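As a plain string of letters, each chain reads:
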Amino acid sequence: MRLSDVKGERTFEVIADIIEPVYRIAQDEAAVEMLSPKPCPEGEDPKRFMARRLVAGVPALLRSHKGDLVAIMAAIEGEDAEEYAASLDLAKLVASLTELVSDPALMGFLASAAAPAGETPAE
């Protein structure tokens, strides 16, 4: 599930649950750099470009923000973070991470948390 799929009253709960972990990730310059949209260099395959960026940045993100990522994924799925973490396996983690980094709503939320006070994130 993506943040953009959350609807109704549940939206308030999910946003309340993810504000802190999103903020912590947004304060990590390396994480923001990896998750920020970048134009694909001319002549490079877009899928290969994105894969290269993810391979370069995801390991550090997983190591330094494991708890934050679990909190975000669990909140979006409507699960308790401890139960969600206990149920994680490779397939679920890959699917959840793919949904997170391809979710415009979550990436916009992250960008707004990373923007210095008084600035609006670039579109």
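One can find the structure itself at the top, above this paragraph.
The paragraphs below set out a description of the structure included in this document. (Residues numbered from 1 in each chain as written. Predicted model: local features only at pLDDT ≥ 70, side-chain atom pairs only at ≥ 80, totals over all residues. Heavy atoms only, no water.)

**Side note on the overall build of the protein chain**
Applied cut-off: Secondary structure elements are defined from DSSP: runs of H or I of at least 4 residues count as helices, runs of E of at least 2 residues count as strands, and each element is numbered from the N terminus. Throughout this description, buried means an accessible area under 20% of the type-specific maximum (1.4 Å probe, protein chains only), exposed means over 50%, and partly exposed covers the range between. Residues are treated as being in contact if the distance between any of their heavy atoms lies within 4.5 Å. Areas reported as accessible are Shrake-Rupley estimates using a 1.4 Å probe. Residue values count occlusion only from the protein chains shown. Charge counting treats Lys and Arg as positive and Asp and Glu as negative, with His and both chain ends excluded. Where a charge lies is defined by one atom per residue type, namely NZ (Lys), CZ (Arg), CG (Asp) and CD (Glu).
Counting its secondary structure elements, the protein chain contains 7 helices and 0 strands. In terms of overall dimensions, the protein chain has a C-alpha envelope of 45 × 40 × 25 Å along the principal axes. Within the protein chain, buried positions represent 28% of all 123 residues. Summarising the internal contacts of the protein chain: among those between residues at least 6 apart in sequence, 59% fall at separations of at least 24. Here the protein chain has roughly 7,900 Å² of accessible surface; of this, 59% comes from carbon and sulfur atoms. Looking at charge distribution, the protein chain has the averaged site of its 12 positive side-chain charges lying 7 Å from that of its 22 negative ones.

**Thoughts on the nonpolar core**
Note the cut-off: By convention a nonpolar core is built from buried Ala, Val, Leu, Ile, Met, Phe, Trp, Tyr and Cys residues, the set being connected through side-chain atoms within 4.5 Å.
Ranked by size, the top nonpolar core spans 25 residues in total, and within it Ile 18, Ile 25, Ile 72, Leu 100 and Leu 106 carry the most contacts. Broken down by secondary-structure element, the contributors of at least two residues to this core are helix H1 (10–26), helix H2 (29–35), helix H3 (46–64), helix H4 (66–77), helix H6 (90–101) and helix H7 (104–114). Examining the composition of this core, we find that 7 residues originate from one element, H4, more than from any other.

**With respect to H6**
Using the following cut-off: How far a helix is expected to stretch is found by multiplying one less than its residue total by 1.5 Å. Arc, as used here, means the arc of the directions from the helix axis to the C-beta atoms. Here a polar contact is recorded for every N or O atom pair within 3.5 Å, except that within protein the pair must consist of a potential hydrogen donor and a potential acceptor, and residues adjacent in sequence are included only if both atoms are side-chain atoms.
Spanning 12 residues, H6 covers 17 Å between terminal C-alpha atoms, matching the ideal 16 Å at 1.5 Å per step. Buried residues of H6: Ser 96, Leu 97 and Leu 100, and no others. Buried residues in H6, looked at end-on, bunch into an arc of 100 degrees, giving them a common side. Opposite its buried face, H6 presents the exposed residues Leu 90 and Ala 91, each directed more than 90 degrees away. Against the buried residues of H6 lie H3, H4, helix H5 (81–87) and H7. The distance from a side-chain oxygen at the start of H6 to the backbone nitrogen of Ala 91 is 3.3 Å, and the residue carrying that oxygen is Asp 89.

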